[in-house]
Structure formats: C-alpha cells, structure tokens
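Analysis of the macromolecular model
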Amino acid sequence: MRAAVLRGGTVEVRDVDDPIPGPGQLLVRSLACGICASDLHFMDHPEAGVDDDSGMSTYDQDVDIVMGHEYCAEVVDYGPATERRIPIGTRVSSLPVLSTAGGRKIIGQNPESPGGFGEYLLLDESITRVVHSELPSEMVCVADAISVGWSAASRAQVTTKEVPLVIGCGAIALSAIANLKRLGVGPIVAVDFVASRRETALAMGADIVVDPADISPFQAWRDVAYGSPESMKEMMAIAGLPGCVVFECVGVPGVLDSIIKGCERGTRIYSMGGPPEGDHLHTLTAKRKGINIQFGGGPTMEHWDEAFVAVCSGSLDVTPMLGHTVGLDDVSAAIDAARDANGPARIIVVP
C-alpha cells in the first residue's frame, strides 16, 4: 500500500506492506484522517515515551510508522475469529486502540498498529462503530478529536455554581466547549491569542472570548463570574462566590503553572494539553490554594460513542473546525501547516 511514513523524524510517501488482520481484527481502507497535535508531539519528541512502559505508544526512529488516529474508513476484509457482523464496504470508525499479541497499541503510534495516513489499517472488530450518516468522511473522522474534550467536559460535571474557563482554542478545547454548551453550562469563557481561533470558539458555543494579550484570563474570568463589586458582595452574602473550572488545552510548558499561580482558590483544573517535554509546577502554591488537577486520561468508550453519534447525526456541527484536505503526497507539508496556530483546527488527509 502507499502510505505517508514516519521514520527518523521525517515523513515521506512510499510503498509499504499491507497490514494483515489478526484474530478479532478488521482490515479497513482509510477514507479520511485528521492531523492531530498529538501527531506533531509524537514525531517531534521521541524522547517523551522513554519513561512510558505501557508499550501503547512506541516511536522507534529506525522503523516505519504510519501515523493518523482520527479516521473514517471502509471495511475491506476480516481477520480470523471475527463475527463478521459489519458488511464489507461499510463505513466505520473506532476508538484508536488496537489489541495485538504484544498488548494494546495506540493506532498510528506503533509499527504494529498503522494509522490512517496510509491506504489500509487494522481495527478491533469489538470496538468498531458503523457510520450511520450521509455526512462526508472528512467530517466523520473528526469525531475522535471531539471525543477527547467531550469526555473532559462530561467528567468535570460543572455545576450551576461554577463558571468554566477554557485556555487555548484548538480542537480539544473546541470539543470541550461544544459539550459544555450541550450540557447547559455557562457562561463559557474561552481564551486564545489567535483571533481566528477565538471566532471558531464562538461558533462552537463559547459565550465570551478573551485575548490574553489584552487582559489576564483570570481577571476576565473574575469580571464574568463576579461582575461588579456590588454583585460580588451580594453573592458572598447569599450563596457564596462561583467556583472556577479550568480546561487547559494548550500543551506548552509553563501554561499549567501559570494557571496554578493565577487562578482562584479551590479551582478545579482539567489538563488536556500535556507538553511532551514535561513541565515544572509550583505544587506548594497549588496546595495552599486547594487546587484539584485532573490530567488527561483520554475518552471513555461511553464518551467516545456519544461524541461519535453527535457528529454523525449532525447534532454537533464540526464544520467550523475543518480546513482543507490533502492527499498522501502532501501529508508532510500539511503536517508543517498544522503547526501554524493561525490555521484551521483540523487538516484532513484523504489517502
């Protein structure tokens, strides 16, 4: 098959062996696959996985790896010991995890689990979901990106006495915003330096957007949550001040620490960014403020399914997130373009 192959830190298109489905696996043809920030982190920071002994993500620079974990695909063939419940030719997608003889692998981040930047890939039949939709594959494939922020927003269980603050307005943040809006949470305050990202955040459901070059995100949050000094006094007298729930979706060193230092006491932080090179945190400050930090964790199967249905049904419009599409020959250039914060939240590869 033809594939955009990562090796030695660079991506080039060439012919590689077709993947062969093992027990319980499906062979599928990639129809569309989004370029995710985690693809960039994976290829740029091979050292990040050195201390990860899970084996789920393995970057060996001397071995071919086909990236791409946000895919819509078409069933081509069945491996042994499959139920064959999904007819050949059916459009499908799945949580990007593949069970192999060597354990569970993230699709697109291991030599044994090639991703959607190639013509074919393998899926676990047991977690593969049928696309019940007429939407184009370029829209359906965004469901996995939606599921990450969707899951964080669901797990956060933001109450009516809390005001969410979303830091960064990339794809994960946008999906968190969309689900917070669906859950009836608000007002939602979203922060990004880039004007186009702030506009997209509004389109996805944010109520107020903030340029941190103009005002501190935490001051902007206070202005929204507390209002005037008179309103603040009234709230304190009657029911207490609103709490803050921060969704950190940047993934740049220093951002999480700046949240710890700038946020209110008792803030709950959902850190979805996770810089590959690690970070330094003022834990004493976090302790004194009573801050609760939840790190990533990825979506549950339940939340992945919810996001997938929301995208496929059209109840969640992902159009504001989409940019242009490229073929395999342009994947390397598209990956470079995806590094530009002024670009769209998603560039889609159509093999």
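Residues numbered from 1 in each chain as written. Predicted model: local features only at pLDDT ≥ 70, side-chain atom pairs only at ≥ 80, totals over all residues. Heavy atoms only, no water.

Examining the overall build of the protein
The helix and strand tally for the protein stands at 11 helices and 18 strands. By the compact-globule yardstick of 20 Å for 351 residues, the protein fits well, its C-alpha radius of gyration being 21 Å. Counting only C-alpha atoms, the protein reaches 70 × 40 × 35 Å along its principal axes. Taken across its 351 residues, the protein has 51% of its residues classed as buried. Long-range pairs, those at least 24 residues apart, make up 72% of the contacts in the protein with a sequence separation of at least 6. (Helix = DSSP H or I, 4+ residues; strand = E, 2+ residues; numbered from the N terminus. Rg over C-alpha atoms; globule rule 2.2 N^0.38 Å. Buried < 20%, exposed > 50% of the residue type's maximum accessible area, 1.4 Å probe, protein only. Contact = heavy atoms within 4.5 Å.)

Some words on the nonpolar core
In this structure, Ile 146, Phe 247 and Leu 316 are the most contacted members of the largest nonpolar core, which totals 49 residues. Among the secondary structure elements, those contributing two or more residues to this core are helix 2 (137–140), helix 3 (143–156), helix 4 (171–182), helix 5 (195–204), strand 14 (243–248) and helix 10 (301–313). Excluding anything up to four places from it in sequence, Leu 316 contacts Ile 146, Trp 150, Ala 178, Met 204, Ala 310 and Val 311. Core analysis: the second largest hydrophobic core is formed by 39 residues, Ala 3, Val 11, Met 67 and Val 92 among them. (Core = buried A, V, L, I, M, F, W, Y, C linked by side-chain atoms within 4.5 Å.)

Considerations on the pattern of salt bridges
Under the criterion given, the structure shown has 15 salt bridges. For Arg 14, the salt bridge goes to Asp 64, with nearest N and O atoms at 2.3 Å. Here Arg 14, found in strand 2 (residues 10–15), pairs with Asp 64, found in the loop between helix 1 (37–44) and strand 4 (65–66); they are 50 residues apart in sequence, far enough to count as distant. Taking the shortest distance from any N to any O, the salt bridge between Arg 339 and Asp 44 comes out at 2.4 Å. Of this pair, Arg 339 sits in the loop between helix 11 (331–338) and strand 18 (346–349) while Asp 44 sits in helix 1, placing them 295 residues apart in sequence. Overlapping salt bridges bring together Arg 7, Glu 12, Arg 14 and Asp 64 as one network. (Salt bridge = Lys/Arg side-chain N within 4 Å of Asp/Glu carboxyl O.)

Let's talk about the side chain of Glu 70
With respect to the helices and strands, Glu 70 occurs in strand 5 (residues 70–78). There is a polar contact of 2.7 Å between the side chain of Glu 70 and the side chain of Arg 346. Excluding anything up to four places from it in sequence, Glu 70 contacts Ala 32, Cys 33, Gly 34, Cys 36, Cys 141, Asp 144, Ala 145 and Arg 346. (Polar contact = N/O pair within 3.5 Å; in protein donor to acceptor, adjacent residues only side chain to side chain.)

Structural notes on the sheet that holds strand 4
Read from one edge of the open sheet, 3 strands run 2-1-4, paired in antiparallel fashion. Lying at the two open borders of the sheet, with one neighbouring strand each, are strand 2 and strand 4. Relative to strand 2, strand 1 (residues 2–7) runs antiparallel, the two sharing 6 bridges. Pairing of Arg 7 across the sheet is with Thr 10, part of strand 2. (Pairing = 2+ DSSP bridges.)

A few points about the pairing of strand 6 (residues 91–94)
Residues Arg 91 and Ser 93 line one face of strand 6 and the alternating positions Val 92 and Ser 94 line the opposite face, and both faces are buried. Here 2 bridges tie strand 5 to strand 6, and the two strands are oriented antiparallel to one another. Counterpart to Glu 74 in the pairing with strand 6 is Arg 91. As paired strands, strand 6 and strand 10 (residues 128–130) are joined by 3 bridges and run antiparallel to one another. Counterpart to Ser 93 in the pairing with strand 10 is Arg 129.

Regarding the packing of helix 3 against helix 4
Viewed as axis vectors pointing N to C, helix 3 and helix 4 meet at an angle of 50°, and their least axial separation amounts to 7 Å. As far as their axial angle goes, helix 4 and helix 3 are oblique. For helix 3 against helix 4, the interelement crossing comes out right-handed. Packed against helix 3, whose contacting residues are Ala 145, Ile 146, Val 148, Gly 149, Trp 150, Ala 153 and Ser 154, the element helix 4 presents Ile 172, Ser 175, Ala 176, Asn 179, Leu 180 and Arg 182 at the interface. (Axes fitted to C-alpha atoms, helices over the stretch in contact; angles between N-to-C directions. Parallel < 35°, antiparallel > 145°, perpendicular 65-115°, else oblique. Left-handed = near helix turned anticlockwise from the far one by under 90°.)

Details of the packing of aromatic side chains
In the structure shown here, the tally under the stated rule is 3 aromatic pairs. Ring geometry for Trp 221 and Tyr 226: centres 5.3 Å apart, planes at 80°, overall edge-to-face. With a centroid separation of 5.0 Å and an interplanar angle of 20°, the aromatic rings of Trp 304 and Phe 308 are classed as stacked. Taken together, the positions of Trp 304 and Phe 308, both in helix 10 and 4 residues apart, correspond to about one turn of that helix. Residue classification places Trp 304 among the buried positions, given a relative accessible area of 0%. The class of Phe 308 is buried, set by a relative accessible area of 5%. (Phe/Tyr/Trp six-rings, centres within 6.5 Å; stacked < 30°, edge-to-face > 60°.)

A word on the pairing of strand 9 (residues 120–124)
Across the 5 residues that make up strand 9, a large majority, 5, are buried. When strand 3 (residues 25–34) meets strand 9, the two strands line up antiparallel, connected through 5 bridges. Residue pairing in the sheet places Arg 29 in a bridge with Tyr 120 of strand 9.

Comments concerning the side chain of Arg 197
By the element assignment, Arg 197 lies in helix 5. We note that Arg 197 is buried and unpaired, the nearest opposite charge coming from Asp 192 at a distance of 4.8 Å. The residues touching Arg 197, leaving out its near neighbours within four places in the chain, are Cys 169, Gly 170, Asp 192, Asp 340, Ala 341, Gly 343 and Pro 344. (Lys, Arg positive; Asp, Glu negative; His and termini not counted.)

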